[in-house]
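Observations on the three-dimensional arrangement
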Amino acid sequence: MRHENGKDKTGKTREMVNKILSLKHKSPFVGTLIEAMSDAGCKVNPYKHICIEDCHSNFNIFGGFDSENNQVVLCQNKFDDVYLDFDKFAQMESLLSHELVHAFDHCRANVDFYTNPKHLMCSEIRAASLSGQCTYGSNLIESTLNAVQSYHKTCVRKAALRSFRALFPAWSLDQSYNLLNEVFYSCYNDFSPFDRIPLTKKQAELSYKAYLNRHRYKV
Ligand SMILES: [Zn+2]
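Criteria and cut-off values
Residues numbered from 1 in each chain as written. Predicted model: local features only at pLDDT ≥ 70, side-chain atom pairs only at ≥ 80, totals over all residues. Heavy atoms only, no water. Axes fitted to C-alpha atoms, helices over the stretch in contact; angles between N-to-C directions. Helix = DSSP H or I, 4+ residues; strand = E, 2+ residues; numbered from the N terminus. Parallel < 35°, antiparallel > 145°, perpendicular 65-115°, else oblique. Left-handed = near helix turned anticlockwise from the far one by under 90°. Contact = heavy atoms within 4.5 Å. Nonpolar A, V, L, I, M, F, W, Y, C, P; charged D, E, K, R; others polar. Pairing = 2+ DSSP bridges. Donors = N, O, S within 2.8 Å, 3.2 Å for Na, K, Ca; no water. Tetrahedral: all angles 85-135°; square planar, octahedral: opposite > 155°, others 65-115°. Disulfide = S-S within 2.5 Å. Buried < 20%, exposed > 50% of the residue type's maximum accessible area, 1.4 Å probe, protein only. pLDDT = per-residue confidence, 0-100. Expected span 1.5 Å × (residues − 1). Polar contact = N/O pair within 3.5 Å; in protein donor to acceptor, adjacent residues only side chain to side chain.

- An unreviewed UniProt entry lists the protein under the name Mitochondrial inner membrane protease ATP23, from Clavelina lepadiformis.

This is the structure in structure tokens:
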């Protein structure tokens, strides 16, 4: 079990996590994943499974998923000014959902993130796609569906490649890129537990609603 250091700061970050998880503020991405984890038999206890700690300041990493300890790790020292900056709040929201996608993949399948590069690449594609980190901003109204789809896909590919390379630094760019191409189609189109690829926050909201109502009409 990990320890939480720097109690005051940790408390502040913990408060923010609780706010994101609260019904009133729950992001449709985080909400869907928390529900799905529970249904898959891996109910998330925020105090046990979401760990807040100081991370090495040299690394450009804001968090991670520790599959050995079944913990999502959030780097509280990267979110110091989070209350002053709305973007950072949104950033933490998408970070949390990103790591929850890894947790979900770990829960539903026998994945091995540490030694199987295919598993990791696939989960990074899904995490980038299903966390909201690649949804288009508010200037979306002017955009066509095609533009939104292509923005999302390009963003997911870039993000997955970046995350993968941070964890497999010994791999060359070419090698990583080939693996990305090899698995992209099937992993990008596996959008479980969502009922569609949530290209926008609105779509994520619809998907979350559908998830919550999924048993309602069963007889
Ligand atoms: Zn990741």
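1. What to know about the packing of helix H6 (residues 145-167) against helix H7 (residues 173-188)
- Look at H6 against H7: their axes get within 10 Å of each other, and the N-to-C directions meet at 130°. Comparing the axis directions of H6 and H7 gives the class oblique. For the pair H6 and H7, the sense of crossing is right-handed. Residue-level inspection shows Gln149, His152, Lys153, Val156, Arg157, Ala160, Leu161, Phe164 and Arg165 of H6 in contact with H7, the latter providing Leu173, Ser176, Tyr177, Leu179, Leu180, Asn181, Phe184 and Tyr188.
- Tallied by class, the residues present in the contact of H6 with H7 amount to 10 nonpolar, 4 polar and 3 charged.

2. Structural notes on the sheet that holds strand E1 (residues 50-53)
- One open sheet holds the 3 strands; their spatial order is E1-E3-E2, and the pairing between them is mixed. One side of each edge strand has no neighbouring strand; the edge strands of this open sheet are E1 and strand E2 (63-66). Strand-to-strand twist across the sheet, computed as the mean angle between neighbouring axes with direction ignored, equals 25°.
- Bridge count for E1 against strand E3 (residues 71-75) is 4 bridges, and the pairing is parallel. Bridge pairing links Ile52 to Leu74 in E3.

3. So, the coordination of the zinc ion
- Distances from the zinc ion to its protein donors, His98 (NE2), His102 (NE2), Glu124 (OE) and Glu124 (OE), fall within 2.1 to 2.7 Å.
- Considering all 4 donor atoms around the zinc ion, angles at the metal cover 53 to 152° and the coordination shape is irregular.
- Donor residues for the zinc ion sit on one chain with the sequence pattern H-x3-H-x21-E. Of this pair, His102 sits in helix H4 (residues 86-108) while Glu124 is found in helix H5 (residues 117-130), placing the two residues 22 residues apart along the sequence.

4. A short note on the state of the cysteines
- Inspection of the entire model under this criterion finds 4 disulfides.
- Across the disulfide from Cys42 sits Cys107; the S-S distance is 2.0 Å. Between Cys42 and Cys107 the disulfide shows an S-S torsion of about 90°. By sign, it is right-handed. You can see Cys42 sitting in the loop between helix H2 (28-39) and helix H3 (46-49) and its partner Cys107 sitting in helix H4, a full 65 residues away along the chain.
- On the basis of relative accessible area, Cys42 is assigned to the partly exposed category, the value being 26%.
- What pairs with Cys55 in a disulfide is Cys75, and their sulfur atoms sit 2.0 Å apart. Handedness of the Cys55-Cys75 disulfide follows from its S-S torsion of about -85°: it is left-handed. Of this pair, Cys55 sits in the loop between E1 and E2 while Cys75 sits in strand E3, and the two are 20 residues apart along the sequence.
- Looking at Cys75, the relative accessible area reads 1%, which means it is buried.
- Should the bonded cysteines of the protein be numbered as they appear in the sequence, the pairing reads 1-4, 2-3, 5-8, 6-7.
- With no disulfide of its own, Cys51 lies 8.7 Å from the sulfur of Cys55, the closest cysteine sulfur.

5. A closer look at the side chain of Thr135
- Structurally, the position occupied by Thr135 is in the loop between H5 and H6.
- Apart from residues lying up to four places away in sequence, Thr135 is in contact with Phe29, Tyr151, Pro198, Leu199, Thr200 and Lys201.

6. Focus: the confidence of the model for the protein
- For the protein, the mean per-residue pLDDT works out to 86, and 86% of the residues sit at or above 70.
- H7 holds the highest mean pLDDT among the elements of the protein, 98, whereas helix H1 (residues 7-21) holds the lowest, 79.
- Low pLDDT, under 50, characterises residues 1-6; the stretch is placed with 17 contacts to residues that sit more than four places away or in other chains.

7. A closer look at H5
- If you check H5, its first and last C-alpha atoms are 20 Å apart, about what 14 residues at 1.5 Å a residue would give, namely 20 Å.
- For H5, the buried fraction is high: 11 of the 14 residues fall into the buried class.
- Of all the residues in H5, the buried ones are Pro117, Leu120, Met121, Ser123, Glu124, Ile125, Arg126, Ala127, Ala128, Ser129 and Leu130.
- For H5, the N-terminal capping position is held by Asn116, with its side-chain oxygen 3.0 Å away from the main-chain nitrogen of Lys118.

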